[in-house]
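Residues per chain, in single letters:
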Amino acid sequence: MADLVLMQTPLAGLLEVERLRKGDHRGFFSRFFDATAFAGAGWPGGVAQMNHTLTQAPGTIRGMHFQHRPYGEWKYVSCLTGEVYDVAVDLRRASATYGQCFGTVLSARKGNSLLIPDGFAHGFQTLEPDCELIYLHSVAYAPDAEGGLDALDPDLAIDWPLPVAARSPRDAALPRLNQQTGY
Ligand SMILES: Cc1cn([C@H]2C[C@H](O)[C@@H](COP(=O)(O)OP(=O)(O)O[C@H]3O[C@@H](C)C(=O)[C@@H](O)[C@H]3O)O2)c(=O)[nH]c1=O
C-alpha cells in the first residue's frame, strides 16, 4: 500500500497529498515526506528549510506569498493542529489556468497536505483557534525576493469561508494580480 497518495488538482502541477495512516492501539504511523515520490512530481532537490507557524484566531488569513525567481520555491504545506482553508493561485503566465485558484481544507484530522510548485502564490485562513502549520521549502527564505498578492483581490475571488479576523500589515498592503510583474 502506498504511504502517500498524490492527487492532481485542476491546476497543472499542483497536488493534494493524502498521508495514509497505519493505525494500531497506540495511535498511527504515517510517512510525511518522500523524496523519491516528490521528485517524480517535480520537487527539485532536497528540503532547504522547514518552518512552523501558529495562528491563534479563527478567520485569520496569512498570504498570498511566493518568492520571485531565481528564488522560486516548491512548498509542502501541512496543518498538524486545527483546520485551515488552504489556497494556491497559479501565477504562471504561460499556464492555461493562469490567475485561477485552488482551495482545500487541510487539517490534522484529514492528514492531508498541499504540494505547491514554483509559480504559485500560497495562503490560508484558519477555521479553528490555534492552528499550527508545517512548511517544507525547496529553496531558502530570501527576504529580498519576497512576493505577494492581496488575498482579498476581487479578481482572484477566493471564497474564504469565514469573515476576515486578522491579517498582517504587510499582507493587507500586497498588490493585486493585475499589478504583478514576473512569472
Ligand atoms: C517566511 C519567513 C519569515 N520570516 C520572518 C519575517 C517576519 O519577521 C516573520 C513573520 O513573517 P511573515 O509574516 O511573512 O510570516 P507568514 O505570513 O507566516 O509567512 C508564511 O505565509 C505562508 C502563507 C506561506 O506560504 C509561507 O511560505 C510564509 O510566507 O518571520 C523568517 O525569518 N523566515 C521565513 O522563512
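What you see is a predicted model, and the numbers here were worked out from it, not measured in a lab.

Turning to the side chain of Asp86, a few remarks are in order. Secondary-structure assignment places Asp86 in strand β8 (residues 83-90). Here Asp86 sits buried without a salt bridge, and the closest side chain of opposite charge, Lys75, lies 9.0 Å off (N-O distance). A polar side-chain atom of Asp86 sits 2.9 Å from a polar atom in the side chain of His122. If near-sequence neighbours (up to four positions away) are discounted, Asp86 is found in contact with Val77, Phe102, Gly103, Thr104, Leu106, Leu114, His122, Gly123, Phe124 and Leu133.

Here we come to the site of the ligand. Every residue near the ligand is listed here: Asn51, Thr53, Arg62, His65, Lys75, His122, Gly123, Tyr135, His137, Tyr141 and Arg170. Here Lys75 contributes a side-chain N or O atom positioned 2.7 Å from an oxygen atom of the ligand. In the model, an oxygen atom of the ligand is placed 2.7 Å from a nitrogen or oxygen of the His122 side chain. Computed on the free molecule, the ligand has an accessible area of 660 Å², of which 62% lies beneath the protein chains in the complex. Elements supplying a minimum of two residues to the shell around the ligand: β5 (49-55), β6 (61-67), β11 (120-126) and β12 (131-137).

Turning our attention to the packing of aromatic side chains. Counted under the stated rule, the structure contains 8 aromatic pairs. Between Phe32 and Tyr76, the ring centres sit 5.6 Å apart and the planes meet at 75 degrees, which makes this aromatic pair edge-to-face. Placement of the pair is Phe32 in the loop between β4 (27-29) and α1 (35-40) and Tyr76 in strand β7 (residues 75-81), with a sequence separation of 44 residues. Relative accessible area serves as the criterion here: at 22%, Phe32 is assigned to the partly exposed category. The exposure class assigned to Tyr76 is buried, which follows from its relative accessible area of 0%. With a centroid separation of 6.2 Å and 70 degrees between ring planes, the pair formed by Phe33 and Tyr76 is classed as edge-to-face. Linking Phe33 in the loop between β4 and α1 with Tyr76 in strand β7, this pair joins segments that are 43 residues apart in sequence. With a relative accessible area of 23%, Phe33 lands in the partly exposed category.

Before going further, it helps to spend a moment on the environment of Asp86. On the basis of relative accessible area, Asp86 is assigned to the buried category, the value being 0%. Sequence separation between Asp86 and Thr9 is 77 residues, and the spatial gap between their C-alpha atoms is 13 Å.

Cut-offs applied
- Residues numbered from 1 in each chain as written.
- Predicted model: local features only at pLDDT ≥ 70, side-chain atom pairs only at ≥ 80, totals over all residues.
- Heavy atoms only, no water.
- Helix = DSSP H or I, 4+ residues; strand = E, 2+ residues; numbered from the N terminus.
- Buried < 20%, exposed > 50% of the residue type's maximum accessible area, 1.4 Å probe, protein only.
- Lys, Arg positive; Asp, Glu negative; His and termini not counted.
- Salt bridge = Lys/Arg side-chain N within 4 Å of Asp/Glu carboxyl O.
- Polar contact = N/O pair within 3.5 Å; in protein donor to acceptor, adjacent residues only side chain to side chain.
- Contact = heavy atoms within 4.5 Å.
- Near = heavy atom within 4 Å.
- Areas by Shrake-Rupley, 256 points an atom, 1.4 Å probe, with all protein chains shown as cover.
- Phe/Tyr/Trp six-rings, centres within 6.5 Å; stacked < 30°, edge-to-face > 60°.

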